[in-house]
Amino acid sequence: VTLSLGVEDQSDGDATADGDALQEEDVAVDIDGDVVAQEQVAVTPGFTKTGRRISLTYGEMECGMSYSAQGEHEEQWRITIRKTRWRWICSIESPSRDTKLLFTFFSVSLIGGSGPPNLEEVEMWGKGEVWARGEHYVVPQGLSVRNAAGWTAGFTRVS
């Protein structure tokens, strides 16, 4: 699964796809911006009272994910912050695209700048297909991306 968060000045609404022959290269969130920060992070399964968090900061921008996951082994994931002329883009992904982790909870956010976050575009991928907003994930008030009620799954990238 892939999650990409795009925060920009102009928006054309929700990123959607019908899934017909759609390839990961065809994502609606343009993730071609200049990479300004990138880091490998450990995503660790197991229960903790307060959950777990990974994040990357570049200047005033922070791309992060709070989560709880089940699985047998820690995995190395990559967090990337990109900048285009008009927006910041946060991507959190499993470079192998073959995660064995099952996320029972996740909340991904891109925060910074002059005001509260306003996620203009969101896209999630799981097992080679685009996930449906509302069915698999929600974006409450444009502030963060969270798994929809009762939905648990392994994902490989959020943008």
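Structural data are supplied above this passage.
We now turn to the structure provided with this report.

What counts, and at which threshold
Residues numbered from 1 in each chain as written. Predicted model: local features only at pLDDT ≥ 70, side-chain atom pairs only at ≥ 80, totals over all residues. Heavy atoms only, no water. Helix = DSSP H or I, 4+ residues; strand = E, 2+ residues; numbered from the N terminus. Buried < 20%, exposed > 50% of the residue type's maximum accessible area, 1.4 Å probe, protein only. Contact = heavy atoms within 4.5 Å. Areas by Shrake-Rupley, 256 points an atom, 1.4 Å probe, with all protein chains shown as cover. Core = buried A, V, L, I, M, F, W, Y, C linked by side-chain atoms within 4.5 Å. Salt bridge = Lys/Arg side-chain N within 4 Å of Asp/Glu carboxyl O. Pairing = 2+ DSSP bridges. Phe/Tyr/Trp six-rings, centres within 6.5 Å; stacked < 30°, edge-to-face > 60°.

**Quick look at the overall build of the protein chain**
Then comes step 1: When helices and strands are counted, the protein chain shows zero helices and 12 strands.
Then comes step 2: Start at the N end of the protein chain and walk to the C end: the helices and strands fall as β-β-β-β-β-β-β-β-β-β-β-β.
Then comes step 3: Within the span of the protein chain, comprising 159 residues, buried residues form 47% of the whole.
Then comes step 4: Taking contacts inside the protein chain between residues at least 6 apart in sequence as the whole, the part at least 24 apart equals 72%.
Then comes step 5: Within the structure as shown, the protein chain displays about 8,200 Å² of accessible surface, and the carbon and sulfur contribution to it stands at 45%.

**A short note on the nonpolar core**
When a protein is soluble and globular, its nonpolar side chains tend to lie buried together.
Then comes step 1: Core analysis: the biggest nonpolar cluster contains 30 residues, and Met65, Ile92, Phe103, Phe106, Val145 and Phe155 have the highest contact counts within it.
Then comes step 2: Those elements giving two or more residues to this core turn out to be β2 (34–43), β3 (52–58), β4 (61–70), β5 (75–83), β6 (87–93), β7 (102–111) and β8 (121–126).
Then comes step 3: The element that contributes the greatest number of residues to this core is β4, accounting for five residues.

**A word on the pattern of salt bridges**
Then comes step 1: Scanning the entire structure with this criterion turns up three salt bridges.
Then comes step 2: Arg78 is the partner of Glu93 in a salt bridge, and the nearest nitrogen-oxygen pair spans 3.5 Å. With Glu93 in strand β6 and Arg78 in strand β5, the pair connects residues that are 15 residues apart, well separated along the chain.
Then comes step 3: The exposure class of Glu93 is buried, given its relative accessible area of 5%.

**A few points about the pairing of β8**
Then comes step 1: Counted residue by residue, β8 has six buried out of six residues, so it is predominantly covered.
Then comes step 2: Both faces of β8 are covered, namely the face carrying Glu121, Glu123 and Trp125 and the face carrying Val122, Met124 and Gly126.
Then comes step 3: Of the strand pairs in this sheet, β8 and strand β12 (residues 157–158) are connected by two bridges, and their pairing is antiparallel. The partner of Met124 across the bridge, within β12, is Val158.

**Focus on the packing of aromatic side chains**
Then comes step 1: Per the counting criterion, the structure on display carries three aromatic pairs.
Then comes step 2: Measuring from centroid to centroid gives 6.0 Å for Tyr58 and Trp88, while their planes differ by 50 degrees, and the two rings are tilted. Separated by 30 residues along the polypeptide, Tyr58 in strand β3 and Trp88 in strand β6 bring together distant segments of the chain.
Then comes step 3: Among the residues examined, Tyr58 registers a relative accessible area of 36% and is labelled partly exposed.
Then comes step 4: Centre to centre, the rings of Trp77 and Phe103 are 5.6 Å apart; their planes meet at 70 degrees, and the pair counts as edge-to-face. Of this pair, Trp77 sits in strand β5 while Phe103 sits in strand β7, and the two are 26 residues apart along the sequence.

**Here we look at the environment of Lys100**
Then comes step 1: Of note, Lys100 is situated in the loop between β6 and β7.
Then comes step 2: Its relative accessible area of 60% is what places Lys100 among the exposed residues.
Then comes step 3: Sequence-distant contacts of Lys100, that is, excluding residues within four places in its chain, are made with Gln70, Gly71 and Glu75.

**Overview of the pairing of β5**
Then comes step 1: Direction of pairing for β2 relative to β5: antiparallel, over a ladder of nine bridges. Each bridged residue has a counterpart across the sheet, and for Val43 the counterpart in β5 is Glu75.
Then comes step 2: For β5 and β6, the ladder comprises six bridges, and the chain directions are antiparallel. When the bridges of β6 are listed, Ile79 appears paired with Ile92.

Keep in mind these numbers describe shape, not what the thing actually does.
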